[in-house]
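Chain residues, written in single-letter form:
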Amino acid sequence: CYAWGLGMTQDLPTAVRYFCLAAEQGDVAAQCCLGDCYYEGTGVPQDDQAAARYYKLAAHQGHAGAQCSLGRCFAEGRGRLQVVDEAARLY
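Source: prediction; values computed, not measured.

Considerations on a nonpolar patch on the surface
And then number 1: Among the surface-exposed residues, Tyr 2, Met 8, Tyr 18 and Leu 21 lie close enough to one another that they form a single nonpolar patch of about 370 Å² accessible area.
And then number 2: One can find Tyr 18 in helix H1 (residues 12–24).

Structure, rendered in structure tokens:
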């Protein structure tokens, strides 16, 4: 896998490209991974709004990890989100 260098050379921009393709098709794991990439600035420029957008897509489809990550965005006010009650609900 390009993201982690398993069985091949790690290539973060290529990993992000594949995450984007899968996320656009509604793949919740790819949406969450893409949210992580934007949150941390891994393979893409760091972008809190993009991270929150992808976390929200996956969270609304029931992805527990994305729900937790979106809750963290709300709690920390990242991605222009600052709603403590919503953060508590998602955590």
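Points about the packing of aromatic side chains
Aromatic rings in a pair are described by how distant their centres are and how their planes are angled relative to each other.
And then number 1: Applying the stated criterion to the full structure yields 4 aromatic pairs.
And then number 2: Look at Tyr 38 and Tyr 54: their rings are 6.0 Å apart centre to centre, the planes differ by 5°, and that puts the pair in the stacked class. Of the two residues, Tyr 38 is situated in helix H2 (residues 28–40) and Tyr 54 in helix H3 (residues 48–59); the sequence distance between them amounts to 16 residues. For the pair shown, Tyr 38 and Tyr 54 are each scored as buried.
And then number 3: The positively charged end of Arg 17 is found above the aromatic ring belonging to Tyr 18, 5.8 Å away from the centroid.
And then number 4: Its guanidinium or amino end placed over the ring of Tyr 39, Arg 72 lies 4.1 Å from that ring's centre, counting from NZ or CZ.

Quick look at H2
And then number 1: An ideal rise of 1.5 Å per residue puts 18 Å on 13 residues; H2 measures up with 18 Å between its terminal C-alpha atoms.
And then number 2: Taken together, the buried positions of H2 are Ala 30, Gln 31, Cys 32, Leu 34, Gly 35, Cys 37, Tyr 38 and Tyr 39.
And then number 3: Those residues of H2 hidden inside the fold are in contact with H1, H3 and helix H4 (64–76).
And then number 4: Between the side-chain oxygen of the N-cap and the backbone nitrogen of Ala 29 there are 3.1 Å, and the N-cap of H2 in question is Asp 27.

Points about the nonpolar core
And then number 1: Membership of the largest hydrophobic core comes to 24 residues, with the highest contact counts inside it found for Val 16, Phe 19, Leu 34, Tyr 38, Tyr 55 and Leu 70.
And then number 2: Secondary-structure elements contributing two or more residues to this core are H1, H2, H3 and H4.
And then number 3: Considering each element in turn, this core owes the most residues, 7 residues, to H3.
And then number 4: Residues in contact with Tyr 55, not counting those within four places in the same chain, are Cys 32, Gly 35, Asp 36, Tyr 39, Ala 66, Ser 69, Leu 70, Arg 72 and Cys 73.

How each quantity is defined
Residues numbered from 1 in each chain as written. Predicted model: local features only at pLDDT ≥ 70, side-chain atom pairs only at ≥ 80, totals over all residues. Heavy atoms only, no water. Patch = residues over 30% accessible without salt bridge, like charges linked within 9 Å, V, L, I, M, F, W, Y side chains within 5 Å. Areas by Shrake-Rupley, 256 points an atom, 1.4 Å probe, with all protein chains shown as cover. Salt bridge = Lys/Arg side-chain N within 4 Å of Asp/Glu carboxyl O. Helix = DSSP H or I, 4+ residues; strand = E, 2+ residues; numbered from the N terminus. Phe/Tyr/Trp six-rings, centres within 6.5 Å; stacked < 30°, edge-to-face > 60°. Buried < 20%, exposed > 50% of the residue type's maximum accessible area, 1.4 Å probe, protein only. Lys NZ or Arg CZ within 6 Å of the ring centre and 35° of its normal. Expected span 1.5 Å × (residues − 1). Contact = heavy atoms within 4.5 Å. Polar contact = N/O pair within 3.5 Å; in protein donor to acceptor, adjacent residues only side chain to side chain. Core = buried A, V, L, I, M, F, W, Y, C linked by side-chain atoms within 4.5 Å.

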